[in-house]
Amino acid sequence: MMATTTSIEPVKAGPARKGPRDDTRLALLFILPALIGFGVFLVWPTLRGIYLSFTKFNLLTPPEFNGLDNYIRMVQDPVFWNAMKVTLYYVLLNIGFQTVLALVIAVMMQRLTQRTWLRGIVLTPFLVSNVVAAMVFLWILDYQLGIGNTILASVGLDRIPFLSDSAWVIPTIAFINVWRHVGYTALLIFAGLQTIPDSVYEAGRIDGASEVRMFRSITVPLLRPILSLVLIITVVGSFQVFDTVAIATKGGPVDSSRVLQYYIYDVAFGRFQFGYASAMSVALLAVLVIITFIQYRLTRAESSDLA
Amino acid sequence: MTTDTTPPVATALPTLIRREPAPPEPHRLNFGRVLAWTFMILVILVSLFPFYWMLRTALSSNNALYAGSDNLLPVQTSGGGFERVFGLQTGQEAIDAGGAGQAINFWRYLFNSVVVSTLITVGQVFFSAMAAYAFARLQWRHREKVFAFFLAGLMIPAIFTLLPNFVLIKQLGLVDTLLGIALPTMFMTPFAVFFLRQFFLGISREVEEAALMDGASKVRVFFRLILPMSVAPITTLAILTYIAAWNEYFWALMVSYTDKSRVLTVALGVFKSQTPQTGPDWSGLMAATLVAALPMLLLFMLFAKRIVNSIGFSGIK
Amino acid sequence: MITFRQRIRTAAVAVLTFSALTACGGSSGSGNDAIEYWLWDSAQQPGYQKCADAFEKANPGLRIHISQYGWDAYWSKLTAGFIADTAPDVFTDHLSKFAQYVDLKVLRPLDDLGPTSDIQDGDYQEGLAELWKGQDGKRYGAPKDWDTIAMFYDGAALKAAGVDPAELQSLTWNPQDGGTFEKLVAHLTIDAKGVRGDEPGFDKSNVKTHGLASEGSGGGGWGQTQWSAFTGSAGWQATDKNPWGTRFNLDQPELQDTLSWYFGLVQKGYMASYEEIGGANAIGTDKQIQSGTAAMGLSGSWMISTFSKLTDAGGKKLDIGIAPTPIGPTGKRASMFNGLADSVTTLSKQPENSAKWVKFLSDEECQNIIGQSGVVFPARPAGTELAIAFNKNERKLDVTPFTQQVEEKTTFLFPVTTNAADIAALMAPRFDAVYIGSSPITSLTKLNGQLNDLFKVAQ
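Positions within a chain are numbered from 1, following the residues in the order the chain's sequence is written. Here every chain gets a letter starting at A, and every ligand a number starting at 1, in the order they are written. Two thresholds apply to this predicted model, a pLDDT of at least 70 for residue-level local features and 80 or more for giving and counting side-chain atom pairs, whereas whole-chain, interface and lining totals are computed over all residues. Remark: hydrogens and water are excluded; side-chain values derive from all non-hydrogen atoms of the structure.

Enquirer: An account of the overall build of chain B is needed here, citing residue identities and associated values.
Expert: The helix count covers DSSP runs of H or I at least four residues long, the strand count covers runs of E at least two residues long, and both are numbered beginning at the N terminus. Per the secondary structure count, chain B includes 16 helices and zero strands. By the convention used here, residues are in contact when the closest approach between their heavy atoms is within 4.5 Å. Sequence-distant contacts in chain B: of pairs separated by 6 or more residues, those separated by 24 or more amount to 69%.

Enquirer: With reference to specific residues and values, describe unusual backbone geometry.
Expert: Following N242 of chain C, the chain continues to P243 of chain C via a peptide bond in cis, the omega torsion being -5 degrees. Residue L59 of chain A is not a glycine yet carries a positive backbone phi of 85 degrees. A relative accessible area of 6% places L59 of chain A in the buried class. Backbone geometry at D85 of chain C places phi at a positive 60 degrees, although glycine is not the residue there. Among the secondary structure elements, D85 of chain C is positioned in the loop between helix 3 (71-84) and strand 3 (90-93). Each residue is placed in one exposure class: buried if its accessible area under a 1.4 Å probe, protein chains only, is under 20% of its type's maximum, exposed if it is over 50%, and partly exposed if it falls in between.

Enquirer: Describe the interface of chain B and chain A, and please don't skip the residues or the numbers.
Expert: With 102 residues of chain B in contact, the opposing surface of chain A contributes 107 residues. Around 9,900 Å² of area is buried between chain B and chain A when both sides are counted, 78% of it from carbon and sulfur atoms. In the sections that follow, a salt bridge refers to a side-chain nitrogen of Lys or Arg positioned within 4 Å of a carboxyl oxygen of Asp or Glu. The interface formed by chain B and chain A contains one salt bridge. As a salt-bridge pair, K218 of chain B and D23 of chain A come within 3.0 Å of each other at their nearest N and O atoms. Definition of a polar contact: a pair of N or O atoms within 3.5 Å, with one able to donate and the other able to accept a hydrogen when the atoms are protein atoms, and with sequence-neighbouring residues admitted only if both atoms are side-chain atoms. Along the contact surface separating chain B from chain A lie seven residue pairs in polar contact (both at pLDDT 80 or more). Take the side of chain B that touches chain A: its biggest share by element is 17 residues, from helix 2 (residues 31-58) of chain B. For this classification, Asp, Glu, Lys and Arg are treated as charged, while Ala, Val, Leu, Ile, Met, Phe, Trp, Tyr, Cys and Pro are nonpolar and the rest, including Gly, are polar. Within the side of chain B that touches chain A, the residues separate by chemical class into 72 nonpolar, 12 polar and 18 charged. Two parts placed together each lose some accessible area; with a 1.4 Å probe, that loss summed over both constitutes the buried area.

Enquirer: Got a sec to walk through the pairing of strand 8 (residues 294-300) of chain C? Specific residues and values, please.
Expert: Residue and element names in this part refer to chain C. For strand 8, the buried fraction is high: seven of the seven residues fall into the buried class. One bridge is not enough; two strands pair if DSSP finds at least two bridges between them. Here five bridges tie strand 5 (residues 149-154) to strand 8, and the two strands are oriented antiparallel to one another. What sits directly across from F152, in strand 8, is G297. Taken together, the two bridges between strand 7 (residues 207-212) and strand 8 define a ladder with parallel strand orientation. Paired with H210 across the strands is A294, a residue of strand 8.

Enquirer: I'd like a description of the packing of helix 5 (residues 78-111) of chain A against helix 11 (residues 211-239) of chain A, backed by residues and values.
Expert: All names here are of chain A. Fitted lines through C-alpha atoms give the axes, limited to the stretch in contact for helices. The angle between two N-to-C directions lies from 0 to 180 degrees. Relative orientation of the contacting elements helix 5 and helix 11 amounts to 135 degrees, with a least axis distance of 10 Å. Relative to helix 11, the element helix 5 is oriented oblique. Here helix 5 and helix 11 pass one another in a crossing that is right-handed. Taken together, the residues of helix 11 that come into contact with helix 5 (itself represented by T87, L88, Y90, V91, N94, I95, Q98, T99, L103, V107 and R111) are E211, M214, F215, T219, L223, L227, L231, T234, V235, S238 and F239. Throughout this description, any angle smaller than 35 degrees is read as roughly parallel, any larger than 145 degrees as roughly antiparallel, any in the 65 to 115 degree range as roughly perpendicular, and the remainder as oblique. Throughout, a crossing is termed right-handed when the near helix is turned clockwise from the far one, and left-handed when it is turned anticlockwise from it by less than a right angle.

Note that every value here comes from positions in space, so none of it alone points to a role or purpose.
Dropping the structure here:
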């Protein structure tokens, strides 16, 4: 799917090849443990899930085949479409905000100061789990008692119902996850920045280019391959947002933060409709595959970097 | 921290002494730099404030928190939250304070967490490295197709895997064991394979070819050449894996039934979901959160430099 | 150089690790001799541990192991347990869940088990035992406790408002002007400038203390601690029959008028809004009274011990009092009557022993122990008396506003239906929308159709 383009590199590299070799046996040995784990704990459950999406299954009695019923129900289910919309909105906000912020932080870590403590600090939030991050912000952003709103009120501003207003809730959840992940993303980008030779910047400086100008015409283009890797990983992760919603809003108010994973979970374990939940999971999987594919094509297609 | 945030002045010193790459325009303390530092200080504050707030809440008395919400310092300072976490309060005392009232066998849970996280990290990183090597360096048919398939695994929603895996763990007789918690992620994650493959692709081929010419086997090349050359990315991955394994909650909750397999996050989870009837024990909860994160924070502080510096891309293109 | 000590340490770690990995296999949940018992309320665990100790003494050879999990984890783990055969022998069951489990055939009928076959409905508070019978007429749960609703108030707030607590005993409400109840609520409401809700110049958008606490929209649990006392005293019934109703009454004016008035209190500033109480993670009446954002509020009898321990920021105990729910248009008060029970799972390897434990839990001895712990009202009248006495003597708290509803037969039962999870999933967001004000009250008519449709599909 996406590996076809990356495969070119190892083949064209390597000047001293001893002619075509075939390492199939060795390769099999090397991937065997991973393959077992992959097959048993990921592929098999997924195949089973896809099968269950064509059944009526309440988890405890044997599944009954019901054809496309679940998919028909899905297409007609307004809550599903709303969940899809909410999820997309979340991903857009989360990824957009996070990527821009991470990029700025990374550039600053590169151009302003390269001290380790700074990188250490921005990575700290990543050490706690999503659950903990959600809990802490739930407490900080509480409408009445949270210190966030207490501060707002003390400077004369109106309190903001961060997690209980339909307009605020998705941006707030996006922010919580940005808080946890931005340092990590920034570090990945920072690492990418370090692969850009200083000489390029020096040349730019001699030409009298400003920082902003250098950022736009040197940093961004040369960083594209790493950005694309970071984006693929973060977008896929972002689509699967669950913990934060489960802890902080339970999908509310009304349906305004009912993201897909949360709706699926609720249908599967709260309402025992595992067949329908499976069908929606298949839809989510399909969306992820398509989006990743498009992303890969887009970022690869115009990658004209160092090399 | 205040002393550290004033390098604009420091950078005015001759750049020759500095071993780090030359900072841009070192002699101008312009508006842009002030703005940039303001921004960074803001980032630092936002990153760290929640940790302070955890500590402040943990050190407050739970029953007083609701009435003293606007105090920046602990209200009615009390070690009660931590005492409840460590099971030092009796059940009734803890419940009176709005807590969970369950004894916490802290050292046992800490030990379990360490075992589970270590098992997962060692297994996952090693097996993923092997697979990544096969995908990056070995020549075999359908290599790219299999790799693409692996990558697609990145996108599988967790909901698919939860129940079948639980049933499987049960059939293997591993419910309520540490191995049962570790097993599903001990072999690989698509991310780990993807991540390491990118690095292996970047390792210079000449070195490898030279070793092969000298008669070394590919297995030997992998263990003696590739692995040592990839210490940095492998450390990075190991740390990321360890953090993720340490923080895993839901799966561990499913598999664990008694103290013998209870890990820290699950043990401290009793603070999280109290009965729907009572409000959360915020001070106990925040104390628990800090305690759960403390080993990670300590580890991080000890190795911060190494960890942070190891996150790098030697040659992703 | 590796020292000897280091080697020892390494070896010790290796051995420990190995034993941790292997020795823990095998026994899981229900396989061994101890009867595994689950509950979710940590506050009740000490009491039931005492029961377990007494049970073990009375039945040598039998052991009880109690596990407590928080509400959400409890049901997830139970479901996983049913699937993978790791469920407990006996667990605390909830009326909103039990019908589903009966349908899934994971509960054993207690009539078929020796020790529990002779449980008598008449031994418990009236109506409690019948709630736990399935549509097949069999008993799936042995009653352990019951609860009703009443008003908790902050004595200091009443004093400051010049209100005699005795007035609270005879409040009335109606959906038109709210009656004396709304008058009191308005009087107890204070805005940021100290103006009361019934005084001129009251700023409803800037309220410091609301007269009435809010526990959310109540859509997920038939308004138990929110509006059920009002709809009940307006004569409204949720379903055509209870238990096992199949037609819903959300389209009736008794409900819609009542809710229109009830949620209207938010617009008047008398009750906290959805945002103020924290949305999906709403803080309860207890925390609202404690933090001074509410002067009084409805809550359940299981909260008595929590309320009795509330303190202010300085650690001083609050003066909490209890009053009955107000009298409604029917001329009577009303309270939802609900209770928990213990169920035996089909997966239990020792059903007869489990039934013995269930029987013990629902018998005099254990229920008296629970009554004396003062956390909940036990299902048996004698246990209830002990709980009342405990509150009077130990907490100086008069809890008769809870019990008088039972004595005066002004209670109505929690609506028990099949498809409870689907009903809650449909109702909760729609009621939230009404509470927030983003949907009109008439939107419940459409919801009612959806609920009725659930049963058309199912049958």
